[in-house]
Each structure stands twice: as structure tokens, then as C-alpha cells.
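Observations on the model geometry
The primary structure of each chain is shown beneath.
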Amino acid sequence: MSAVGEAIRNHHQELIHTLTEHVASVVEGRAEADPQVLASFLVDELLPHAIGEERHLYPAVEPLVKAHGQATATMSVDHEFIEGYIRQIQETAQALQGAGDDRSKLEDRLRRLALQLEAVLRVHLEKEERVYLPLFERHLSEDEQQRVLDGMHSAYEE
Ligand SMILES: [Fe+2]
Ligand SMILES: [Fe+2]
């Protein structure tokens, strides 16, 4: 790991840690929860991070992905997370069936997981539709498109 790579990873850790703390305060309705502090963190820390990546990191990475990487790898990471949420929601739904006193805790967990999955899925679908499908439609014949669709449908029969 390079020193710069490590700095970026560490900054990511800080961002997600701080965001998770703020979100927990807001979701749990803690007395110290301050929407203004959350909003300031987002505007002052998270937004410049995204802008900086957009301007400097992505242009540096784009040719590297073309030469050495795989453009769909990030989407496969999304699918890993989606599968993880599905598994956790399934477990929570199962636990709720026989739940007693711990019911409200499980319901909170289910709400949280459902909202997280919804957010991830929304951005995931948008990426497929804005980036992949236009290429797919423009550059593959109708027959090739149909073969892909048939292949996708076979996953429902597994
Ligand atoms: Fe980032
Ligand atoms: Fe997908």
C-alpha cells in the first residue's frame, strides 16, 4: 500500500465513521443529535471529498481501468453488498417471526437495513441505466441483446 493510498483509505474510514455516528444520533433521537452539525459535516467534508475525487482521482484512474482493470468490478461490489443486505433482511425477518421482548430492536434493524438496501439499489440501478444500457443498446445487435436477456432470465430458474 502506498502512503497516498493509505491516506485516502484512512480518510474514507474517518468519513464513514463520522457519518455513522451522526446517523446513529439522528436515528436514535439522541439528545445530542444536531441536524446542523450533520449538515455541516456533509457540506464541509463529504462534498469536497467527492468533488476532489471527481476532479483528480477519477481522471487518474480512468485510463488505468481501461488498461489494467475491469469497468464492471465496481458494480460487482454493489451486488456483493446487495446480497449481504438480502441475507441480513432474510435473517431479521426470520427472527421477527418468533420474536418476543426483542421485537422492537429487530424492527429497528429491519427498518435500517431496508432503507440502506433501498439507497444502494437506487444508485445501482441508476448506474446500470445511465452507463451500461446506452452502450448495450447502441453497440449490440437485437439478437445479441436478446441472448443476454435470455441468460439473465435463466437465473430465476436456479
Ligand atoms: Fe472516496
Ligand atoms: Fe445489478
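Computed from a prediction, not measured in an experiment: that's the story for all the values here.

Considering the domain arrangement of the chain
Taken as a whole, the chain is organised into domain 1 (1-69) and domain 2 (70-158). Put simply, the middle of domain 1 and the middle of domain 2, counted by C-alpha atoms, are 23 Å apart.

Some words on the layout of surface pockets
Its volume calculated, the largest pocket comes out at about 2,000 Å³. Surrounding the largest pocket, 38 residues form its lining, Tyr58, Asp78, Val120, Val123 and Lys127 being those nearest its centre. Within the residue set of the lining of the largest pocket, elements represented by two or more residues are helix H1 (3-27), helix H2 (35-68), helix H3 (73-97) and helix H4 (103-139). Examining the composition of the lining of the largest pocket, we find that 15 residues originate from one element, H4, more than from any other. In the lining of the largest pocket, the residues fall into 20 nonpolar, 5 polar and 13 charged. The residues that make up the lining of the largest pocket include at least three from each of domain 1 (1-69) and domain 2 (70-158).

Topic: the coordination of the iron ion (ligand 1)
Six octahedrally arranged donors around a metal ideally form angles of 90 or 180 degrees; four tetrahedrally arranged donors ideally form angles of 109.5 degrees. Around the iron ion (ligand 1), the protein contributes the donor atoms His12 (NE2), His49 (NE2), Glu53 (OE) and Glu53 (OE), which lie 2.0 to 2.7 Å from the metal centre. Coordination at the iron ion (ligand 1) comes from 4 donor atoms whose angles at the metal span 52 to 148 degrees, giving a geometry best classed as irregular. In primary-sequence terms, the residues that donate to the iron ion (ligand 1) follow H-x36-H-x3-E. Highlighted residues: His49 and Glu53, both in helix H2, separated by 4 residues, approximately one helical turn. Exposure remark for His49: the relative accessible area of 15% places this residue in the buried category. Taking the relative accessible area as the measure of exposure, Glu53 reaches 14% and is therefore buried.

As for the coordination of the iron ion (ligand 2)
The protein atoms that coordinate the iron ion (ligand 2) are His79 (NE2), His124 (NE2) and Glu128 (OE), at distances of 2.1 to 2.2 Å. Along the chain, the residues that donate to the iron ion (ligand 2) are spaced as H-x44-H-x3-E. Taken together, the residues His79 in helix H3 and Glu128 in helix H4 connect sequence positions 49 residues apart. On the accessibility criterion, His79 (38% relative accessible area) is partly exposed.

Here's the deal with the pattern of salt bridges
A full pass over the atoms with the stated rule returns 8 salt bridges. For Glu118, the salt bridge identified is with Arg122, shortest N-O distance 3.6 Å. Remark: Arg122 and Glu118 occur in helix H4; sequence separation between them is 4 residues, near one turn of the helix. The class for Glu118 is partly exposed, based on a relative accessible area of 41%. Arg122 sits in the exposed class, given a relative accessible area of 55%. In this structure, Arg130 engages Glu126 in a salt bridge whose closest nitrogen and oxygen atoms are separated by 3.3 Å. You can see Arg130 and its partner Glu126 sitting in helix H4, 4 residues apart, about one turn around the helix. Residue classification places Arg130 among the exposed positions, given a relative accessible area of 63%. By relative accessible area, Glu126 is classed as partly exposed at 39%. One network of salt bridges, with partners in common, ties together Glu28, Arg30 and Glu32.

Rules of the game
Residues numbered from 1 in each chain as written. Chains lettered and ligands numbered in written order. Predicted model: local features only at pLDDT ≥ 70, side-chain atom pairs only at ≥ 80, totals over all residues. Heavy atoms only, no water. Domains from an automatic or database assignment. 1 Å grid on protein atoms, 1.4 Å probe; cavity = no way out; pocket = protein on both sides within 12 Å on 5 of 7 lines; lining within 4 Å. Points joined across faces, edges and corners; volume = space filled by probe spheres on them. Helix = DSSP H or I, 4+ residues; strand = E, 2+ residues; numbered from the N terminus. Nonpolar A, V, L, I, M, F, W, Y, C, P; charged D, E, K, R; others polar. Donors = N, O, S within 2.8 Å, 3.2 Å for Na, K, Ca; no water. Tetrahedral: all angles 85-135°; square planar, octahedral: opposite > 155°, others 65-115°. Buried < 20%, exposed > 50% of the residue type's maximum accessible area, 1.4 Å probe, protein only. Salt bridge = Lys/Arg side-chain N within 4 Å of Asp/Glu carboxyl O.

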